[in-house]
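Summary of structural features
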Amino acid sequence: MDINPDEVVTIELDCDGWTETYSRDITRRQLGELLVHLDDMSDATDNASPAPQPLTRPTPDEAYATAPCITSEIGWTAYHSVGRPTGALLGREFWLRKAAVLDRIALGDEAGQGFGDACEAATDAARYLLDIDHADGITDPRGYVRQQYALWAKNQ
């Protein structure tokens, strides 16, 4: 049986915690290229080593000294997540910046300048970054975000 690489197929992704299935119509050729790309990304992730960790962690003021305003960072993360409701194919920079902006919001929440579940959202995002970095044994996920953000910002 011959397979037509230009035939359009529907792919559906459904994972725990998603509110709805993510689906797209693509050609079999595009599907093959996507699968090869995902396989390459998986190999790169498996072979990546966690970022080096200095002995001390920066304070929030030190970590976010050069950070754009919170509104700007929310806009950046929203812009980069458009069309990717599940976060699929977003890189480490996205997750670092998202975790950092949520940490900054949570810091204001903890200081009594707001209300809500910002601390929980910030910790969840920090744990996601830990998973991406394969950083096991970290007991302060938000401190790790501050550390990594400070390193990232210094190299920008």
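Predicted model only: the values in this text are computed from it and were never measured.

Quick notes on the packing of helix α3 (residues 70–81) against helix α4 (residues 92–110)
The interhelical angle for the contact between α3 and α4, taken along N-to-C directions, is 145°, at an axis separation of 10 Å. Crossing geometry of α3 relative to α4 is assigned as left-handed. Residues I70, E73, I74, W76, T77, H80 and S81 of α3 lie in contact with α4, whose contacting residues are E93, F94, R97, K98, V101, R104 and I105. The residue inventory of the contact of α3 with α4, partitioned by class, reads six nonpolar, three polar and five charged.

Some remarks on α4
The first and last C-alpha atoms of α4 sit 26 Å apart over 19 residues, in line with the 27 Å expected at 1.5 Å per residue. Considered for burial, the residues of α4 that qualify are F94, W95, L96, R97, A99, A100, V101, D103, R104, A106, G108 and D109. Buried residues along α4 sit in contact with α3, α5 (118–133) and α6 (141–154).

Regarding the environment of V8
Assignment of secondary structure puts V8 in strand β1 (residues 8–13). Judged by its relative accessible area of 54%, V8 is exposed.

Procedures and definitions
- Within each chain, residue numbers correspond to sequence positions counted from 1 in written order.
- The predicted origin of the model limits local features to residues at a pLDDT of at least 70 and limits the giving and counting of side-chain atom pairs to 80 or more, whereas totals for whole chains, interfaces and linings rest on all residues.
- For the side-chain quantities, the full set of heavy atoms in the structure was used; hydrogens and water were omitted.
- Every angle, taken between N-to-C directions, lies between 0 and 180 degrees, and every axis is a line fitted to C-alpha atoms, over only the stretch in contact when it is a helix.
- Counting from the N terminus, the helices are DSSP H or I runs at least four residues long and the strands are E runs at least two residues long.
- In this scheme, a crossing is called left-handed if the near helix is turned counterclockwise away from the far one by less than a right angle; it is called right-handed if the turn is clockwise.
- Working rule for contacts: check all heavy atoms of both residues, and any pair within 4.5 Å makes them a contact.
- Each residue is assigned to one of three groups, with Ala, Val, Leu, Ile, Met, Phe, Trp, Tyr, Cys and Pro labelled nonpolar, Asp, Glu, Lys and Arg labelled charged, and all others, Gly among them, labelled polar.
- Any helix carries an expected span of 1.5 Å times its number of residues minus one.
- Three labels apply to residues, based on accessible area from a 1.4 Å probe with only protein chains included: buried if under 20% of the type maximum, exposed if over 50%, partly exposed otherwise in between.

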